[in-house]
Amino acid sequence: MSDYSCIVLAAGDRQHPDDLGDGRLSKNLADLNGKPVILRVVDHVIASGIPAHRITVVVKRALAQKFREVFGAIDVRLAFQDVALGSADAVRLVMEQGQLAPCTHVLLLMGDQPSTRPETLMSMCKRHESGKRLITVATFDGNRAHPAFKKCGVIRSDRGRFTITREAATLNLNVQLHAGPYVFLRSWLYQCITHIDWQQEGEIHVYRAVEAAAALGNGILEFPIADAWEVLGIDTYDALQAIRQGDRSYLNIHETSAESR
């Protein structure tokens, strides 16, 4: 994995699932059975074969010290995104701040998915290399009406056209979803980031790079993740508790009246 670097996104505005107060704590610092969620994510990246000095974690500058305390002697890089303007903006800032280690391929992860196994990350990277595509996108089958998956991208590949959309969460049957991770050819990611109009309002996500690669006709490789548990994030207290307890029955619910505290 010497040709890989990794960006972990951990600068979002979601409040800490355990926080009963003002939400100033990052959800990625939530305790998961004695270890912060973000540290579990980074540990899995290192176990997949990408060394710590090739990992960049994107955080809010105001929380930098808290993250540094969590990582301790682990030599990860930090980049800063003080306003949550989307994943593409986070990648842009990593590049502008000079915090992306030299590489050929970039693994992009969400910082709130602590159950993604190192073996999955390694297999995805190897599939990306052998497939020789611009982007590899992880997909999984999930219920779009489940509280944990309502904000996931919906995969459409009608007539060979690959798209990721944010459709309304009205589907009750399993559909093909996306919640990260990605693997990018670094040169393609850089090209896409430098051609985005950053004067646009609102969040700008790396979906843009996916759409551009898909328009070429053969730029996307899908990597199915068989177990939706691996991509379960901790947006809500219920999801965090399910992961803490290893309660896979949580994936079977459609709605819950106690999504967060």
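In this text the structure is predicted, and so the values were computed from the model without any measurement.

Conventions and cut-offs
Residues numbered from 1 in each chain as written. Predicted model: local features only at pLDDT ≥ 70, side-chain atom pairs only at ≥ 80, totals over all residues. Heavy atoms only, no water. Helix = DSSP H or I, 4+ residues; strand = E, 2+ residues; numbered from the N terminus. Buried < 20%, exposed > 50% of the residue type's maximum accessible area, 1.4 Å probe, protein only. Contact = heavy atoms within 4.5 Å. Areas by Shrake-Rupley, 256 points an atom, 1.4 Å probe, with all protein chains shown as cover. Pairing = 2+ DSSP bridges. Core = buried A, V, L, I, M, F, W, Y, C linked by side-chain atoms within 4.5 Å. Arc of directions from axis to C-beta. Phe/Tyr/Trp six-rings, centres within 6.5 Å; stacked < 30°, edge-to-face > 60°. Lys NZ or Arg CZ within 6 Å of the ring centre and 35° of its normal. Salt bridge = Lys/Arg side-chain N within 4 Å of Asp/Glu carboxyl O. 1 Å grid on protein atoms, 1.4 Å probe; cavity = no way out; pocket = protein on both sides within 12 Å on 5 of 7 lines; lining within 4 Å. Points joined across faces, edges and corners; volume = space filled by probe spheres on them. Nonpolar A, V, L, I, M, F, W, Y, C, P; charged D, E, K, R; others polar.

(A) Up close: the overall build of the protein. Counting secondary structure elements, the protein contains 7 helices and 12 strands. Taken over 261 residues, the protein has a buried fraction of 53%. At a minimum sequence separation of 6, the contacts of the protein that also span at least 24 residues come to 69%. Approximately 11,900 Å² of the protein is accessible, and the part contributed by carbon and sulfur atoms is 47%.

(B) Representation of the pairing of strand S4 (residues 55-59) in the model. Within S4, 5 of the 5 residues are buried, leaving the element largely enclosed by the surrounding structure. Neither face of S4 is exposed, since Ile55, Val57 and Val59 on one face and Thr56 and Val58 on the opposite face are all buried. Judged from the 4 bridges that link them, strand S1 (residues 4-9) and S4 form a sheet pairing that is parallel. Opposite Val8, over in S4, you have Val57 as the bridge partner.

(C) View of the nonpolar core. Core analysis: the largest hydrophobic core is formed by 52 residues, its most contacted members being Ile55, Val57 and Phe71. It is helix H1 (residues 37-48) that provides the largest number of residues to this core, a total of 6 residues. Not counting chain neighbours up to four residues away, the residues in contact with Ile55 comprise Cys6, Val8, Val42, Val45, Ile46, Ile50, Val76 and Arg77. Within the second largest apolar cluster, 34 residues are counted, among which are Ala11, Leu108, Leu134 and Ile193.

(D) Looking closely at helix H2 (residues 64-71). Along H2, the positions that sit buried rather than exposed are Ala64, Phe67 and Phe71. Looking down the long axis of H2, one finds its buried residues gathered within 65° of arc, a one-sided arrangement. For H2, the secondary structure elements touched by its buried residues are H1, S4 and strand S5 (77-80). Following H2 by one or two positions, Gly72 adopts a phi angle in the positive range, close to 55°.

(E) Looking closely at the packing of aromatic side chains. A complete count under the given rule lists 3 aromatic pairs for this structure. Ring centres of Phe67 and Phe71 lie 6.4 Å apart, and the angle between their planes is 35°; on these two criteria the pair is classed as tilted. Within this pair, Phe67 and its partner Phe71 are both found in helix H2, separated by 4 residues, close to a single helical turn. A residue is classified by how much of its surface remains accessible, and Phe67, at 0% relative accessible area, is buried. Positioned above the aromatic ring of Trp198, the side-chain terminus of Arg92 is 4.7 Å from the ring centre.

(F) The arrangement of the pattern of salt bridges in detail. One pass over the structure, following the stated rule, counts 9 salt bridges. Across the pair Arg92 and Asp89 runs a salt bridge whose closest N-O atoms are separated by 2.6 Å. Taken together, the positions of Arg92 and Asp89, both in helix H3 (residues 87-96) and 3 residues apart, correspond to about one turn of that helix. As far as the burial class goes, Arg92 and Asp89 line up, both buried.

(G) Focus on the environment of Val231. Topologically, Val231 is positioned in the loop between strand S12 (220-224) and helix H7 (237-245). The class for Val231 is buried, based on a relative accessible area of 3%. A sequence separation of 53 residues divides Val231 from His178, and the C-alpha atoms of the two residues are 8.8 Å apart. Sequence-distant contacts of Val231, defined by excluding residues within four places in its chain, comprise Gln113, Phe140, Gly180 and Ile225.

(H) Just empty space enclosed by the protein, in detail. This model, assessed by the stated rule, comprises 2 cavities of 30 Å³ or more. Put simply, the largest cavity is a space of about 60 Å³. At the level of elements, H1 and strand S6 (105-110) are the ones that each hand at least two residues to the lining of the largest cavity. Looking at the lining of the largest cavity, its residues break down into 4 nonpolar, 3 polar and no charged. One number sums up the size of the second largest cavity: a volume of about 30 Å³.

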